[in-house]
Amino acid sequence: GRPRLGARETQASARGAQLDAGLIDAVLAAIRDRGGLSITYASPGGSRDGVKRPAVVTHRRVAPVALRGLWLDALCQLRGELRTFRLDRIREFAEG
């Protein structure tokens, strides 16, 4: 499996990103307690096949599994599968 990082390693990896101060703590608590988070997530915009696509913001309920630097692996209820989320793209979050 993938290594799970502690708070110290995760905070060191997150130095260049702008993160909510409580986000990492909430993610680590959800992993430890097998709890859930409600997040507002901004998928990146970009272009594909020459077509520009805007960023898409979605509200998701997730069950965090592992934290790898700026990447959160979590079961996503919206998609019904394991997904990877970049912490700096989480705009809002709530525990529970």
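Everything here concerns the structure above.
Residues numbered from 1 in each chain as written. Predicted model: local features only at pLDDT ≥ 70, side-chain atom pairs only at ≥ 80, totals over all residues. Heavy atoms only, no water.

1. Notes on the pairing of strand S1 (residues 37–43)
Regular strands show a simple pattern: their side chains alternate between the two faces of the sheet. Heads up, the condition is: Each residue gets one of three labels from its accessible area relative to the maximum for its type: buried under 20%, exposed over 50%, partly exposed in between, using a 1.4 Å probe on protein chains only. Secondary structure elements are taken from DSSP: a helix is a run of H or I of four residues or more, a strand is a run of E of two residues or more, and numbering for both begins at the N terminus. Only when DSSP finds a minimum of two bridges between them are two strands counted as paired.
The element S1 is extensively covered by neighbouring structure, given that five of its seven residues are classed as buried. With seven bridges connecting them, S1 and strand S4 (residues 56–68) associate as antiparallel partners. In the sheet register, Leu37 faces S4, and the bridge partner there is Val62. Where S1 meets strand S7 (residues 90–95), five bridges bridge the pair, whose relative direction is antiparallel.

2. A look at the pairing of strand S5 (residues 71–76)
Pairing between S4 and S5: six bridges, direction antiparallel. Each bridged residue has a counterpart across the sheet, and for Ala63 the counterpart in S5 is Leu75. Turn length for the S4-S5 hairpin, with the two strands adjacent in sequence and antiparallel, is two residues, and the turn residue Gly69 shows positive phi of about 65 degrees. Here six bridges tie S5 to strand S6 (residues 81–86), and the two strands are oriented antiparallel to one another. Counterpart to Trp71 in the pairing with S6 is Arg86. Where S5 folds back onto S6 in an antiparallel hairpin, the turn is made up of four residues, including Gly80, whose phi is positive at roughly 70 degrees.

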